[in-house]
Amino acid sequence: MDSHSPQERAARVPTIHVISDSVGVTAQAVARAAAAQFGVNDPKIEVLPKVQSFEQVRSFLDEHAAYHVHTLGDDRLLVFFTLVDRAMSEQTAAYIAEHDNILGVDIMTGAIEAISELSGLRPTSRPGSLREANEVYFRRIEAIEFTIAHDDGRNPQDLALADMVLLGVSRSSKTPLSIYLSQQGYKVANVPLDPSTEPPSQIYEVDRTRLFGLMTTADVLTDIRQRRLGNAALVAASYADPEYIYEDLEKARALMRKLGCIVIHTEKRAVEETAQEILRYYERSHPSATDIIE
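Since the model is a prediction, treat every value here as computed from it, not as a measurement.

About the thresholds
Residues numbered from 1 in each chain as written. Predicted model: local features only at pLDDT ≥ 70, side-chain atom pairs only at ≥ 80, totals over all residues. Heavy atoms only, no water. Phe/Tyr/Trp six-rings, centres within 6.5 Å; stacked < 30°, edge-to-face > 60°. Lys NZ or Arg CZ within 6 Å of the ring centre and 35° of its normal. Pairing = 2+ DSSP bridges. Helix = DSSP H or I, 4+ residues; strand = E, 2+ residues; numbered from the N terminus. Axes fitted to C-alpha atoms, helices over the stretch in contact; angles between N-to-C directions. Contact = heavy atoms within 4.5 Å. Salt bridge = Lys/Arg side-chain N within 4 Å of Asp/Glu carboxyl O. Buried < 20%, exposed > 50% of the residue type's maximum accessible area, 1.4 Å probe, protein only. Core = buried A, V, L, I, M, F, W, Y, C linked by side-chain atoms within 4.5 Å. Parallel < 35°, antiparallel > 145°, perpendicular 65-115°, else oblique. Left-handed = near helix turned anticlockwise from the far one by under 90°. Nonpolar A, V, L, I, M, F, W, Y, C, P; charged D, E, K, R; others polar.

## Notes on the packing of aromatic side chains
With the rule as written, the count across this model stands at two aromatic pairs. The ring of Y281 carries the charged tip of R284 above its face, separated from the ring centre by 5.1 Å.

Here is the structure:
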């Protein structure tokens, strides 16, 4: 990364103009992900949603180009568009190609055509298909609500209802993993473990193929806890004490062996990477058909 300050980076990354025949969520997500690569997590975004005609697109681009000339003395525009209507997408691409001041990124067309070519299927061309309120969507919402209600050992009476139960000591990534997995449609409960308390008795009623023990190393956990405490380290010194942490992990390992749960190491791994390992084990015992959005 170069020497520009965060303020300079934010000023240099241009406004991203999003055009969509849905609400533009996909293009905005891509825009933010791209801007983050330049150290800008909250880029300026202007959205033209629910487009129904190319004339709306033309007016939007012309108005914003004129505004840029008036305010910045520069008519250049950066445009991300997600138009599943093929004719409108082609018209927009042609218009952008005719105007040297517009740099356009067609987010949908290439991806749709690639899937169509390899699958032999024809796209539905329905704007917002991914966000339709179908059975898959509602199942994910239900899973997220369940997971939030069963975070950090809450409502242990429902543990047997969870698709997965994550066990782990404090700061072993239980909550981030639970939320990530719930967004994939799984009901997840997580239970904290520590040497001074016993886990809820209901944990012994959970099918062991649904139990996942999160484990890390004492060195990694000590570092995480010390950084977590910050200036409060003297107040809760035992929490980040290496000897206490070693005891914490040993007792957790013993319980995991007793329960027969699958042990997953989380140290130095992204949440997504750890979640994929959990899912590989889970799906061996609980295979399910791939979700298809009709």
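Back to the write-up after that little detour.
## Quick notes on the sheet that holds strand β4 (residues 102–106)
Strand order in the open sheet formed by four strands is β2-β1-β3-β4, with parallel pairing between adjacent strands. What marks the edges here is a single partner per strand, and that holds for β2 (45–48) and β4. Across the sheet, the axes of successive neighbouring strands diverge by a mean angle of 20°, strand direction being ignored. Relative to β4, strand β3 (residues 77–82) runs parallel, the two sharing five bridges. Each bridged residue has a counterpart across the sheet, and for F80 the counterpart in β4 is V105. Running at roughly 170° to strand β1 (residues 16–20), helix α3 (residues 54–72) makes contact with β1, β2, β3 and β4 of the sheet. Seen against the sheet, helix α4 (residues 86–98) touches β3 and β4 and runs at an angle of roughly 165° to β3.

## Here we look at the pattern of salt bridges
Tallied over the full model, the rule gives 11 salt bridges. One salt bridge in this structure joins E55 and R58, with 3.3 Å as the shortest N-O distance. A residue pair is termed a helical-turn pair when its members lie 3 or 4 positions apart in one helix, as E55 and R58 do in helix α3 at three residues. Classification of R58 as partly exposed rests on a relative accessible area of 30%. The partner of R269 in a salt bridge is E273, with the nearest N and O atoms 3.7 Å apart. On the basis of relative accessible area, R269 is assigned to the partly exposed category, the value being 24%.

## Focus: the nonpolar core
L159, V165, L167, I203 and L211 are the most contacted members of the largest nonpolar core, which has 21 residues in total. With six residues, helix α9 (residues 242–259) is the single largest residue contributor to this core. If sequence neighbours within four positions are ignored, V165 has contacts with L159, A189, V191, I203, V206, R210, L211 and F212. Residues F54, L77, I96 and I102 belong to the second largest nonpolar core, which totals 16 residues.

## Remarks on the pairing of strand β7 (residues 211–215)
Of all five residues making up β7, five are buried, and the element is well covered by its neighbours. Inspection of the sheet shows strand β5 (residues 164–169) paired to β7 by four bridges, in the parallel sense. The partner of G168 across the bridge, within β7, is L214. Two elements, β7 and strand β8 (residues 262–265), share four bridges in a ladder whose sense is parallel. Looking across to β8, one finds that F212 is bridged to I262.

## Some remarks on the packing of α3 against α4
Put simply, α3 and α4 touch, their axes get as near as 10 Å, and they point 30° apart. Considered as vectors, α3 and α4 are oriented roughly parallel to each other. In terms of crossing hand, the pair formed by α3 and α4 is right-handed. Contacts between α3 and α4 pair F54, V57, R58, L61 and D62 from the former with M88, Q91, T92 and Y95 from the latter. A class-by-class count of the residues in the contact of α3 with α4 yields five nonpolar, two polar and two charged.

## Things to note about the packing of helix α7 (residues 174–182) against helix α10 (residues 271–285)
The axes of two packed helices give the description: the angle between them and the distance between them. At a minimum axis separation of 10 Å, α7 and α10 run at an interaxial angle of 65°. Between α7 and α10, the angle falls in the class roughly perpendicular. For the pair α7 and α10, the sense of crossing is right-handed. Counted together, P176, L177, Y180 and L181 of α7 and V271, E272, T274, A275, Q276, I278 and L279 of α10 form the full contact between these two elements. Its residues assigned to classes, the contact of α7 with α10 shows eight nonpolar, two polar and one charged.

That's the geometry; what it means functionally is another story.
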